[in-house]
Amino acid sequence: MATAGKVIKCRAAVAWEPSKPLVMEEIEVAPPQAHEIRIKIVATGVCHTDLYHLFEGKHKDGFPCVLGHEGAGIVESVGSEVTKFNPGDKVIPLFISQCGQCRFCKSPKTNLCEKGWASDRYDVMSESDTRFTCKGKKVLQFMGTSTFSEYTVVNEIAVAKIHPSAPLDKVCLLGCGVATGYGAALNTAKVEPGSTCAVFGLGAVGLAAVMGCKNAGAKRIIAIDINPTKYEKAKVFGATEFVNPKDHNKPISQVLHEMTNGGVDFSLECVGSVAVMRSALESCVKGWGVSVLVGWTDMDDFAARPIQLIAGRTWKGSLFGGFKSKDGVPKLVNEYLEKKVKLDEFVTHNMTLAQVNDAIQLMQTGDW
């Protein structure tokens, strides 16, 4: 392409400081260096983790930055040493890398990787190095991706090449939310056929967890949210029942125990609240209940009574649904194309990049 090897000037939504609206700016995107890929972003979703960094984490060293980590696009150019990607390839940038060489990548037990921002920069949520500048200042690349920009540069160990027929405005959701919830049910919880499940929080991650429970063969899937309008959406993905904690004057765990003869087999917390995490654990049946933390937070300690675990419950966490990123995402794209995984039903609004603050507000209010 004509832009290969040159600095590209393009539009991006820059977060100059915490808790402030994003600002549409013209930024400079440097050419990719060795083992890097420059991507033209075609579509991106807004994920709660973007809001977490902006409004909750607010680490001073994490700004200015370009948010966004749930995108899809087309390769514009590649740096030296890149052999498996070519200009024109459809790709999904990944916030978890898969180098294939470290002890984590070589282990079937985890999808973590020692390379990239996620190895030791959870607080700042970006590498110190960046290919972005704006008004003479360095602008960080959030979670190594920064999909709220028309172009971005990503290391090849954090890029998945996907099927050329994949619609980018749908499969972008597999860059985070849908893969996270779906895999938490299938890979982390390992939901069993005929089981009873509870999913706390019915945003995209929670709805994807509902879908994962259904595809795993769960018999009862209880969807839990304080917004009653979410139930109809949850039914689309397989929920069999809905509980609004606000409708009860007793703890939600007690409500679920009464509904299920002692608790659910599997619970998934998809909110990012330590209080809800405890409720999800306490909603599990003793002896074999499994509760999975899916919602992203690093703000507070969580707590539970030891007897909850001594009595046989398991409490575990899930990052990106347990999928090894470069291997898992292309397979999920193929499953969508084969109509085994829903994506279209997750899309509630189609907006321009310039409307990103409106999209953030919609997510904050849950008004969708």
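The coordinates are above.
Okay, so let's go over this structure. As the structure is a prediction and not an experimental result, all values here were calculated from the model. Chains are numbered independently. Their residues run from 1 in the order of the written sequence. Side-chain atom pairs in this predicted model are given and counted only at pLDDT of 80 or more, local residue features only at pLDDT of at least 70, and totals for whole chains, interfaces and linings cover all residues. Water and hydrogen atoms play no part in the side-chain values, which are based on all heavy atoms of the structure.

Once that is clear, we can look at the sheet that holds strand E5 (residues 71–78). Taken in spatial order, the 5 strands of this open sheet run E9-E3-E5-E6-E10, and their pairing is antiparallel. Edge strands, defined here as strands with exactly one partner in the open sheet, are strand E9 (151–155) and strand E10 (159–161). On average, adjacent strands in this sheet sit at an angle of 45 degrees to one another, irrespective of strand direction. Of the strand pairs in this sheet, E5 and strand E6 (residues 90–93) are connected by 2 bridges, and their pairing is antiparallel. Bridge pairing in E6 links Ile74 to Lys90. Contact criterion: two residues are considered in contact whenever any of their non-hydrogen atoms come within 4.5 Å of each other. Think of each axis as a best-fit line through the C-alpha atoms, taken over the contacting stretch in the case of a helix, with angles from 0 to 180 degrees between the N-to-C directions. The numbering of helices and of strands both runs from the N terminus, where a helix is a DSSP run of H or I of at least 4 residues and a strand a run of E of at least 2. Taken strand by strand, helix H9 (residues 325–337) contacts E6 and E10, and its axis lies near 40 degrees from that of E10. If DSSP finds at least two bridges between two strands, the strands pair.

A few words on helix H5 (residues 230–237). Relative accessibility under 20% of the residue-type maximum defines a buried residue, over 50% an exposed one, and the middle range a partly exposed one, all with a 1.4 Å probe and only protein chains included. Buried within H5 we find Lys230, Tyr231, Ala234 and Phe237. Burial along H5 is one-sided: seen end-on, the buried residues are contained in an arc of 110 degrees. Where H5 is buried, its residues contact helix H4 (204–215), strand E12 (220–224) and strand E13 (241–243). Of the residues trailing H5, Gly238 is marked for its positive phi of about 125 degrees. Regarding the arc, it is the one traced by the directions from the helix axis to the C-beta atoms.

Another aspect to go through is the layout of surface pockets. Lining residues are defined by having an atom within 4 Å of a point belonging to a cavity or pocket. Those points lie on a 1 Å grid over the protein atoms alone, cavities being sets where a 1.4 Å probe fits but cannot get out and pockets being open sets with protein on both sides within 12 Å along at least five of seven lines. Grid points are joined across faces, edges and corners, and a volume is the space filled by probe spheres set on the points. The space that makes up the second largest pocket amounts to roughly 380 Å³. Taken together, 21 residues make up the lining of the second largest pocket; nearest its centre are Gly116, Glu127, Gly144, Val154 and Asn155. A total of 3 residues in the lining of the second largest pocket trace back to one element, the largest contributor, which is E9. Its residues assigned to classes, the lining of the second largest pocket shows 10 nonpolar, 6 polar and 5 charged. In the scheme used here, Gly and all other residues not listed as nonpolar or charged are polar, with Ala, Val, Leu, Ile, Met, Phe, Trp, Tyr, Cys and Pro taken as nonpolar and Asp, Glu, Lys and Arg as charged.

For the rest of this paragraph, the subject is the packing of aromatic side chains. Working definition: a ring pair exists when centres of Phe, Tyr or Trp rings (six-membered ring for Trp) sit within 6.5 Å. Plane angles under 30 degrees give stacked, over 60 give edge-to-face, the rest tilted. This structure, assessed with the given rule, holds 4 aromatic pairs. Judged by centre distance (5.3 Å) and plane angle (80 degrees), the rings of Phe95 and Phe320 are edge-to-face. One end of the pair, Phe95, is in the loop between E6 and strand E7 (132–134); the other, Phe320, is in the loop between strand E16 (314–317) and H9, with 225 residues separating them in the sequence. Comparing Phe95 with Phe320 shows no difference in burial state: the two are buried. Comment: the charge-over-ring label is applied if NZ (Lys) or CZ (Arg) is within 6 Å of the ring centre and within 35 degrees of the ring normal. Between the NZ or CZ atom of Lys161 and the centre of the ring of Phe85, over which it lies, the distance is 5.7 Å.

With respect to the helices and strands, Ala223 occurs in strand E12. Given the relative accessible area of 0%, Ala223 is considered buried. As a C-alpha pair, Ala223 and Gly201 span 22 residues in sequence and 7.6 Å in three-dimensional space. Discounting residues that sit within four places of it in the chain, Ala223 has contacts with Val199, Leu202, Ala234, Ala239, Glu241, Phe242 and Val243.

Take the pattern of salt bridges next. The working definition used for a salt bridge is a side-chain nitrogen of Lys or Arg within 4 Å of a carboxyl oxygen of Asp or Glu. Taken as a whole, this structure holds 14 salt bridges when the rule is applied. Across the pair Lys20 and Glu17 runs a salt bridge, and its minimum N-O distance is 3.5 Å. Under the relative-accessibility criterion, Lys20 is labelled partly exposed at 40%. The exposure class of Glu17 is partly exposed, given its relative accessible area of 39%. Of the charged contacts, one joins Arg278 and Glu282 as a salt bridge, the two residues approaching to 2.8 Å between their closest N and O atoms. Placement of the pair is Arg278 and Glu282 together in helix H7 (residues 274–282), with a separation of 4 residues, close to one helical turn. Through salt bridges with shared partners, a single ionic network connects Glu36, Asp129 and Arg131.

Right, let's talk about the nonpolar core for a bit. Core analysis: the largest hydrophobic core is formed by 97 residues, its most contacted members being Leu22, Ile92, Val171, Val191, Cys213 and Leu268. It is H4 that contributes the most residues to this core, 7 residues altogether. If near-sequence neighbours (up to four positions away) are discounted, Val191 is found in contact with Ala185, Cys197, Cys213, Ala216, Ala218 and Phe266. In terms of nonpolar packing, the next biggest core, distinct from the first, is built from 11 residues, Ile224, Ile252, Leu256 and Ala280 among them. The term nonpolar core refers to a set of buried residues drawn from Ala, Val, Leu, Ile, Met, Phe, Trp, Tyr and Cys, joined through side-chain atoms within 4.5 Å.

Looking at the secondary structure, you find Lys324 in the loop between E16 and H9. Looking at Lys324, the relative accessible area reads 19%, which means it is buried. C-alpha of Lys324 to C-alpha of Gly238: the two residues are 86 residues apart in sequence and 25 Å apart in space. Once you skip the residues sitting within four places of it in the chain, Lys324 turns out to touch Gln98, Phe104, Cys105, Ser107, Pro108, Thr110, Asn111 and Val329. Under the rule applied, a polar contact is a pair of N or O atoms within 3.5 Å (in protein, one hydrogen donor and one hydrogen acceptor; residues adjacent in sequence only if both atoms are side-chain atoms). Among the polar contacts made by the side chain of Lys324, one reaches the main-chain carbonyl oxygen of Ser107 at a distance of 2.9 Å.

So far we have only geometry, and geometry alone does not tell us how the molecule works.
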